[in-house]
Structures are given as C-alpha cells and as structure tokens.
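Notes for the structure review
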Amino acid sequence: LHNSYANENSVNSFQEIITEYLNLKNQLADDNSVKASSSAASLADLVSNIQKDALTSGQIEAWEKYSENIKTNAMKISEAGDISDQRIIFKKLSLDLYQVLTTLNINSAELYYQYCPMAKAYWINESAEIINPYFGQKMLTCGSVKSTLKANP
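This one's a predicted model, so the numbers in the text were calculated from it and none came from an experiment. Residue numbers here run from 1 along each chain, matching the order of that chain's written sequence. Side-chain atom pairs in this predicted model are given and counted only at pLDDT of 80 or more, local residue features only at pLDDT of at least 70, and totals for whole chains, interfaces and linings cover all residues. Only hydrogens and water are removed before side-chain values are computed, so all heavy atoms of the structure are retained for them.

What to know about the confidence of the model for the chain
Residue-level confidence of the predictor, termed pLDDT, takes values from 0 up to 100. Across the chain, the average pLDDT comes to 90, with 92% of residues at 70 or higher. Secondary structure elements are taken from DSSP: a helix is a run of H or I of four residues or more, a strand is a run of E of two residues or more, and numbering for both begins at the N terminus. Ranking the elements of the chain by mean pLDDT puts helix 1 (residues 2-29) last with 77 and strand 2 (residues 121-125) first with 98.

Spelled out as structure tokens, the structure:
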C-alpha cells in the first residue's frame, strides 16, 4: 500500500509541475509578466520538491538530466522583469520539460507540442488550439501542432 501511495504522490507532483508550466505559458500568452514571474517561482519550487521514489531508474536519470535546467530557467523567468526576456528563457524551459515528459510518460491529460516559426520556438499546450506564448496578443494563434503527448492515466 505504501508503495502505490508513493507512486501516486510522485505522479501528482509531476502533474503539478505540468499545471504550473501551463499557467506560466498562458500568462506569457496574456502578456502578463507579473503573473508569469509568480508562476515561474512556483514552478521552480515544485521542481525542487519532486519525489523520485516511485520513478524507475531510467525516469530518474532523465529527471536528473533536465530538472536542474528547468529549475534554473524557471528562477530566471521569475527574476526577469521584462516579458521579452521571460519568453527567451521560456524557450529553453519548454525544450527541457518536453524531454522530461517524453521520457517519463506521466502526463495524465493529452498535451500538444507546438511550434511558432516566427519565434523559432516550441512550447507545450493543453489543447490542440494554438495559444502562442512568444508573441502574446499580437500573434496569439501563430503556430502549429508538431506532436501529441498521449495521456498516461
């Protein structure tokens, strides 16, 4: 019983990371630098406190390879006062989180890996509809879905 509880805790923690990343993405899309800073700080905290006890050795290896970059870039976004700087850092954060998600296969909802040719950047979205975090309201629907991360219930 304890083991399944630990497993559920780890998965819930990763779901919280995904949720906070999506909050951050949506705030960048809304041109809200202040809320993006707050979400990025929360994201960094969640990454710091992840429980690895229920992960396989391959999952732990992937998490350890990318988690420090995710945390560092989330902190940089939280400390950047300028939304254009936040968006530049968000590019790196999105690439690292995508690597984690494709290796861990733990997202409980379907996610969409999207690309903006104008920003030459990817991001993860909760719907197939394009909500571009790189240009905000100026070009909210610029981009396309490059792949789908299937849900792993």
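There's plenty left to go through after this.
So, the environment of L97
Note on placement: L97 falls in helix 4 (residues 83-104). Partly exposed residues are those whose accessible area sits between 20% and 50% of the maximum for their type, while under 20% is buried and over 50% is exposed, using a 1.4 Å probe and protein chains only. Accessibility expressed as a relative area gives 3% for L97, which makes it buried. When the C-alpha positions of L97 and Y66 are compared, they lie 7.4 Å apart, and in sequence the two are 31 residues distant. Residue contacts are counted whenever heavy atoms from the two residues lie within 4.5 Å of one another. Leave out the neighbours within four places in its chain, and L97 touches I17, Y21, I70 and I124.

Details of the environment of E79
Counting through the fold element by element, E79 comes out in helix 3 (residues 57-79). The class of E79 is exposed, set by a relative accessible area of 61%. Along the primary structure E79 and S37 are separated by 42 residues, whereas in three dimensions their C-alpha atoms are 6.7 Å apart.

Examining the pattern of salt bridges
For this document, the term salt bridge refers to a Lys or Arg side-chain nitrogen within 4 Å of an Asp or Glu carboxyl oxygen. On inspection of all chains with the given rule, the structure shows 4 salt bridges. Two residues, R87 and D31, come together in a salt bridge whose shortest N-O distance is 2.6 Å. With R87 in helix 4 and D31 in the loop between helix 1 and helix 2 (33-48), this pair connects stretches of sequence that are 56 residues apart. Of the residues examined, R87 reaches a relative accessible area of 10% and is grouped as buried. Exposure remark for D31: the relative accessible area of 37% places this residue in the partly exposed category.

Some words on the packing of helix 3 against helix 4
Helix axes are fitted only over the stretch in contact, all axes being lines through C-alpha atoms; the angle between N-to-C directions runs from 0 to 180 degrees. Packing of helix 3 against helix 4 leaves a shortest axis separation of 9 Å and a crossing angle of 165 degrees. Viewed along their axes, helix 3 and helix 4 adopt a mutual orientation that is roughly antiparallel. Judged by the sense of rotation from one axis to the other, the crossing of helix 3 with helix 4 is left-handed. On the side of helix 3, the interface is formed by G58, Q59, A62, W63, Y66, N69, I70, N73, A74, K76 and I77, while helix 4 contributes Q86, I89, F90, K92, L93, D96, L97, Q99, V100, T103 and L104. Residue polarity follows a fixed list, in which Ala, Val, Leu, Ile, Met, Phe, Trp, Tyr, Cys and Pro are nonpolar, Asp, Glu, Lys and Arg are charged, and the others, Gly among them, are polar. Taken together, the residues that form the contact of helix 3 with helix 4 break down as 12 nonpolar, 7 polar and 3 charged. Should an angle fall under 35 degrees it is taken as roughly parallel, and over 145 as roughly antiparallel, whereas 65 to 115 is taken as roughly perpendicular and any remaining angle as oblique. Here a crossing is called left-handed whenever its near helix is offset anticlockwise from the far helix by less than a right angle, and right-handed whenever the offset is clockwise.

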